[in-house]
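# Coordinate inspection notes
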Amino acid sequence: MLAAAMPALAQTAPAAQRETPAALPEGPGRDVTFYVCTPCHSTAVIRRGGFTRAQWDDLMDWMSERQNMPVLNPELRRTVVDYLAEAFPPRRTSPRGGRNPFAD
Amino acid sequence: MRERSIQELYCDDPERADAVAFGRRGALKGAALTTMAGALGATIPFAANMPAGLLPAAFAQPSGSGPQMITFEGKQPLLLLGDRPLVAETPEHLLDDDVTPFEKFFIRNNGQIPPQIAGDRLAWRVQIDGEVNTPLTLTVGELESRFPQVTLRLQMECGGNGRSFYVPETRGNQWGNGAISCGEWTGARLRDVLNAAGVKPSAVYTGHYGADPHLSGATDRPSISRGVPMVKAMEEHGLIATRLNGQPIPHIHGAPVRLVLPGWPGSVSQKWLTRIWVRDRVHDGQGMGGTSYSVPIAPMVPGGRPDNANFRTMESMPVRAVLTSHAHGTRLPAGTRRLDIRGQAWAGELSVRAVDVSIDYGASWQAMEVLPPPNRYAWQRWRGGVTFPSAGYFEIWYRATDSQGKMQPHVAPNWNPQGYGGNPVSRASVLIEA
């Protein structure tokens, strides 16, 4: 079904490139994270993020509840969330340079 | 250790691997299995007809630290925010045309792009049902011939425009100000079509459906399905549109028919429209509820955990301006002191009553001229001149004020985990050569 739509994009791009886990930063759990996430969306959706571990963990629920991701068993979830929290922590600091005094 | 064992398991027994990894057999849909197969070099039996994520060569990694651009056929280079789903932003300096041409129209997909239309676009059908006296199924041909056709310039803005300005960062596409267009749309008024069906007093909200498949490949759920309260659906500028800038809507922008409900998040303007369900309650489709397209009622701590009960659906988009005459990073020749600048501004349900510009970091502001829109919900041209005191580095700050006197704030306001409502004053840097 999607193949019919591809010619429109293919006209601008002579060859398709498939992502590999190397698109993500190295670290324990990278490959599993890649395989869990990229069936639906590319690594761009991951790499744009920068979140606390709690936020990454909440996101797993959102993905399952709202976006049809299979529910991850606890060990797999821990592996994936640990990787994401390590590889993609918050990057934008407060404009005042200091920590939000009310942040957890 | 676990990674290796999962890979080996997928090579030997993918169904069992699914069960181990995800807690149930066959949990991964076809797309996942193909991705796995491609990565592992194995053949997985369930992967037929489900393409893996294709990444056209146009998405090559940028050299250095420049933004990644995409070359989509017929368009100027746009800022690539994501390739799957495909999302691309128009650089602000490309938004100068009063009527946005296709080549500068931003791209925003929630799911996969549906197949090109096979056969006659006029035969495509849209269903109107639910709390109506007479459910209707109308072809594009009937929409174009049975109802008065209206042509309006209408702002279309992604709900997440400005999200990149939030600190700390939020989920979602990291838009600057460029998720905006003002095309000339032609179609039947949604109101006229709903009146033809006869809206019952029990009608509360619409629910919209389109042909774009969910990213996961699941056929039992839409990629996006939002709606609007009936008062918005019946507002006379809302269109079931079939033409953009006088031509049949291009495929990437929702051919052959879509909703255009201006001034609200673009997600209510369903592309590849197949159905409008008139409901007796607030719609609860994909993208409704929780923190989706919603903002906090009582402001929450930035970066904190949301309480869903503290959120209300975002309706009108907030006021915003773009600078379209000069790109961020423009070099100006030595001796430049006076500069004519211009841009566009809009305010969702409201209009823009002022645009002010500062070249001294907000210490002083100069009023720009703001033209009225050609019709309600079009954006408005602003223009004026600034005078620089010397050569050197300057920032042009530009700030719109809406018709109720609300200005763009200094920073992205009212933090929320999905980054909606980020409309701070923006700035472009220029360098006047000595």
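Predicted model only: the values in this text are computed from it and were never measured.

### Observations regarding the overall build of chain A
- Looking only at helices and strands, one finds five helices and one strand in chain A.
- Secondary structure elements of chain A, listed N to C terminal, follow the sequence α-β-α-α-α-α.
- Here chain A holds 104 residues, and the buried ones make up 33% of them.
- Residue pairs at least 24 apart in sequence account for 66% of intrachain contacts in chain A once pairs closer than 6 positions are excluded.

### Focus on the overall build of chain B
- In terms of regular secondary structure, chain B is built from six helices and 25 strands.
- A separation of at least 24 residues holds for 66% of the contacts in chain B among residues at least 6 apart in sequence.

### Some words on the nonpolar core
- Core analysis: the largest hydrophobic core is formed by 86 residues, its most contacted members being B:Ala88, B:Ile240, B:Ala345, B:Val355 and B:Ile396.
- Broken down by element, the residue count for this core peaks at five residues, all from strand E24 (residues 392-402) of chain B.
- Within the second largest apolar cluster, 18 residues are counted, among which are A:Leu24, A:Cys37, A:Val45 and A:Ile46.

### What to know about the sheet that holds strand E23 (residues 380-387) of chain B
Residue and element names in this part refer to chain B.
- Overall, antiparallel pairing links the four strands, which are arranged E17-E19-E23-E22 in an open sheet. Strand pairing shows two members of the sheet lacking a second neighbour, strand E17 (320-323) and strand E22 (369-370), which therefore form its edges.
- In this sheet, E23 lies alongside strand E19 (residues 338-346) in antiparallel orientation, the contact comprising eight bridges. Paired with Ala345 across the bridge in E23 is Gln380.

### Quick look at the confidence of the model for chain B
Residues and elements named next belong to chain B.
- Per-residue confidence for chain B averages 88 on the pLDDT scale, and 85% of its residues sit at or above 70.
- Scored below 50 in pLDDT, residues 18-63 shows 105 contacts in the model against residues more than four places distant or in partner chains.
- At the level of chain-chain contacts, confidence expressed as ipTM amounts to 0.82, with global pTM at 0.85.

### Brief notes about the sheet that holds strand E6 (residues 125-130) of chain B
Residues and elements named next belong to chain B.
- Spatially, E7-E6-E14-E10 is the arrangement adopted by the four strands of the open sheet, whose pairing is mixed. If you trace the sheet from one side to the other, it starts and ends with strand E7 (136-139) and strand E10 (205-210), each paired once. Strand after strand, the sheet turns through a mean of 15° between neighbouring axes, direction not considered.
- Two strands pair when backbone bridges link them, and E10 and strand E14 (residues 273-279) are joined in this way by six bridges, in the antiparallel orientation. Along E14, the bridge assignment pairs Thr206 with Val278.

### Section: helix H2 (residues 30-37) of chain A
- In terms of burial, H2(A) is a largely internal element, eight of the eight residues being buried.
- Residues of H2(A) that are buried include every one of A:Arg30, A:Asp31, A:Val32, A:Thr33, A:Phe34, A:Tyr35, A:Val36 and A:Cys37, and no others.

### Some points on the confidence of the model for chain A
- On average, residues of chain A score 82 in pLDDT, and 79% of them are at 70 or above.
- When pLDDT is averaged over each helix and strand of chain A, the minimum, 34, is found for helix H1 (residues 2-10) of chain A and the maximum, 97, for helix H5 (residues 74-87) of chain A.

### Quick look at unusual backbone geometry
Residues and elements named next belong to chain B.
- Of note, the amide linkage connecting Val167 to Pro168 takes the cis form, showing an omega dihedral of -10°.
- In this fold, Pro168 is placed in the loop between strand E8 (149-157) and strand E9 (180-189).
- Cis geometry marks the peptide bond from Ala255 to Pro256, where omega comes out at 0°.
- One can find Pro256 in the loop between strand E12 (247-248) and strand E13 (258-260).

### Focus: the packing of helix H4 (residues 53-67) of chain A against H5(A)
All names here are of chain A.
- Relative to each other, H4 and H5 sit at 135°, their axes nearing to 9 Å. On the basis of the axis angle, H4 is oblique to H5. Regarding H4 and H5, the two cross each other, and that crossing is right-handed. When H4 is examined against H5, the residues Arg53, Trp56, Asp57 and Met60 are found in contact with a partner set consisting of Arg77, Val81, Leu84 and Ala85.
- Residues of the contact of H4 with H5, tallied by class, amount to five nonpolar, no polar and three charged.

### Looking at the pairing of strand E25 (residues 426-432) of chain B
Residue and element names in this part refer to chain B.
- On E25, burial follows the alternation: Ser426, Ala428, Val430 and Ile432 on one face are buried, whereas Arg427, Ser429 and Leu431 on the facing-out side are not.
- Looking at chain direction, strand E18 (residues 330-332) and E25 are connected through three bridges and run parallel. The partner of Arg331 across the bridge, within E25, is Leu431.
- Judged from the seven bridges that link them, E24 and E25 form a sheet pairing that is antiparallel.

### Digging into the packing of H2(A) against H5(A)
Residue and element names in this part refer to chain A.
- Relative to each other, H2 and H5 sit at 105°, their axes nearing to 9 Å. Judged by the angle between their axes, H2 and H5 are roughly perpendicular. Of H5, the residues touching H2 (which contributes Arg30, Val32, Thr33 and Val36) are Leu76, Thr79, Val80, Tyr83 and Leu84.
- In the contact of H2 with H5, the residues fall into six nonpolar, two polar and one charged.

### Let's talk about H4(A)
- Along its 15 residues, H4(A) runs 20 Å from first to last C-alpha, staying within 8% of the 21 Å computed at 1.5 Å per residue.
- Positioned one or two residues after H4(A), A:Asn68 has a phi angle of 70°, which is positive.

### Looking at the environment of B:Ser223
All names here are of chain B.
- Along the chain, the position of Ser223 falls in the loop between E10 and helix H6 (230-233).
- Distance in space between the C-alpha atoms of Ser223 and Gly111 is 5.1 Å, their sequence separation being 112 residues.
- Setting aside anything within four residues of it in sequence, one finds Ser223 in contact with Asn110, Gly111, Asp212, Pro213, His214, Leu215 and Gln286.

### Structural notes on the environment of B:Gly82
- Among the structural elements, B:Gly82 can be located in strand E3 (residues 78-83).
- When the 24 C-beta atoms within 10 Å are taken as the criterion, B:Gly82 is described as buried.
- With 312 residues separating them in the primary sequence, B:Gly82 and B:Phe394 have C-alpha atoms 32 Å apart.
- Sequence-distant contacts of B:Gly82, that is, excluding residues within four places in its chain, are made with A:Ser42, A:Ala44, A:Val45, B:Val87 and B:Asn173.

### Side note on the pairing of E17(B)
Residues and elements named next belong to chain B.
- Of the two faces of E17, the one carrying Arg320 and Val322 and the one carrying Ala321 and Leu323 are both buried.
- Looking at chain direction, E17 and E19 are connected through four bridges and run antiparallel. Following the sheet pairing, Leu323 is matched in E19 by Gly343.

### Overview of the environment of B:Pro372
All names here are of chain B.
- Following the sequence through the fold, Pro372 ends up in the loop between E22 and E23.
- Look at Pro372 and you get exposed, because 10 C-beta atoms sit within 10 Å.
- Spatially, the C-alpha atom of Pro372 lies 33 Å from that of Ile276, the residues being 96 residues apart in sequence.

Thresholds applied
Residues numbered from 1 in each chain as written. Chains lettered and ligands numbered in written order. Predicted model: local features only at pLDDT ≥ 70, side-chain atom pairs only at ≥ 80, totals over all residues. Helix = DSSP H or I, 4+ residues; strand = E, 2+ residues; numbered from the N terminus. Buried ≥ 20, exposed ≤ 12 C-beta atoms within 10 Å, placed from the backbone. Contact = placed C-beta atoms within 7 Å. Core = buried A, V, L, I, M, F, W, Y, C linked by C-beta atoms within 7 Å. Pairing = 2+ DSSP bridges. pLDDT = per-residue confidence, 0-100. Axes fitted to C-alpha atoms, helices over the stretch in contact; angles between N-to-C directions. Parallel < 35°, antiparallel > 145°, perpendicular 65-115°, else oblique. Left-handed = near helix turned anticlockwise from the far one by under 90°. Nonpolar A, V, L, I, M, F, W, Y, C, P; charged D, E, K, R; others polar. Expected span 1.5 Å × (residues − 1).

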